[in-house]
Amino acid sequence: MCIRDRYSVTTRVKTSDLRPGDLVFFRQSSSRISHVGLYVGSGQFVHAPSSGKDVEITGLDKAYWKKRYVGAGRV
């Protein structure tokens, strides 16, 4: 299942209602959803930034991610 399909099968969650375990979705270089992370609480999410790089925890408020944020979903 591609990331876009995952987004379509989740229940939408407002950013203000995020809970640990919710999925957060982003558009990086195109108009389609291309990146997903797992919300861990306190405005932070865990994700693999790109192939070969270490998994990291970063903030949804960081300029790069804030600009590309599409929304969140709950399974």
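Structure first, text after, so check above.
Residues numbered from 1 in each chain as written. Predicted model: local features only at pLDDT ≥ 70, side-chain atom pairs only at ≥ 80, totals over all residues. Heavy atoms only, no water.

## Let's talk about the overall build of the chain
Condition: The numbering of helices and of strands both runs from the N terminus, where a helix is a DSSP run of H or I of at least 4 residues and a strand a run of E of at least 2. Each radius of gyration reported is based on C-alpha atoms, and the globular scaling rule is 2.2 Å times the count of residues to the power 0.38. Whether a residue is buried, partly exposed or exposed follows from its accessible area with a 1.4 Å probe, protein chains only, as a fraction of its type maximum: under 20%, in between, or over 50%, in that order. Only the protein chains shown count as cover for residues, with accessible areas throughout obtained via the Shrake-Rupley method and a probe of 1.4 Å. Charge convention: Lys and Arg are scored as positive, Asp and Glu as negative, and His as well as the terminal groups of each chain are ignored. Charge positions are represented by NZ for Lys, CZ for Arg, CG for Asp and CD for Glu.
Check the secondary structure of the chain and you find 2 helices and 6 strands. For the chain, the α and β elements follow one another from N to C terminus as α-β-β-β-β-β-α-β. Against the compact-globule benchmark of 11 Å for 75 residues, the chain has a radius of gyration of 11 Å, which places it among compact chains. Summarising its shape, the C-alpha atoms of the chain cover approximately 30 × 25 × 20 Å along the three principal directions. Buried positions account for 32% of the 75 residues belonging to the chain. With an accessible surface of roughly 4900 Å², the chain has 50% of that area assigned to carbon and sulfur atoms. Here the chain contributes 13 positive and 6 negative side-chain charges, whose respective centroids are spaced 7 Å apart.

## Remarks on the packing of aromatic side chains
The test is simple: Classification of ring pairs rests on two measures: the distance between centres of Phe, Tyr or Trp rings, Trp counted by its six-membered ring, which must be within 6.5 Å, and the angle between planes, read as stacked under 30 degrees, edge-to-face over 60 and tilted in between. Geometrically, a charge over a ring is one whose NZ (Lys) or CZ (Arg) sits within 6 Å of the ring centre while staying within 35 degrees of the ring normal.
This structure, assessed with the given rule, holds 6 aromatic pairs. Relative to Trp65, the ring of Phe26 has its centre 4.8 Å away and its plane inclined at 65°; by these criteria the two rings are edge-to-face. Linking Phe26 in strand E2 (residues 23-26) with Trp65 in helix H2 (residues 63-68), this pair joins segments that are 39 residues apart in sequence. Judged on exposure class, the residue Phe26 and its partner Trp65 are both buried. Relative to Trp65, the ring of Phe45 has its centre 5.5 Å away and its plane inclined at 85°; by these criteria the two rings are edge-to-face. Linking Phe45 in strand E4 (residues 44-47) with Trp65 in helix H2, this pair joins segments that are 20 residues apart in sequence. Here the two residues Phe45 and Trp65 agree in accessibility, since each one is buried. Linked through ring pairs, Phe26, Phe45, Tyr64, Trp65 and Tyr69 together constitute an aromatic cluster. The aromatic ring of Tyr7 is capped on one face by Arg12, whose charged end is 3.7 Å from the ring centroid.

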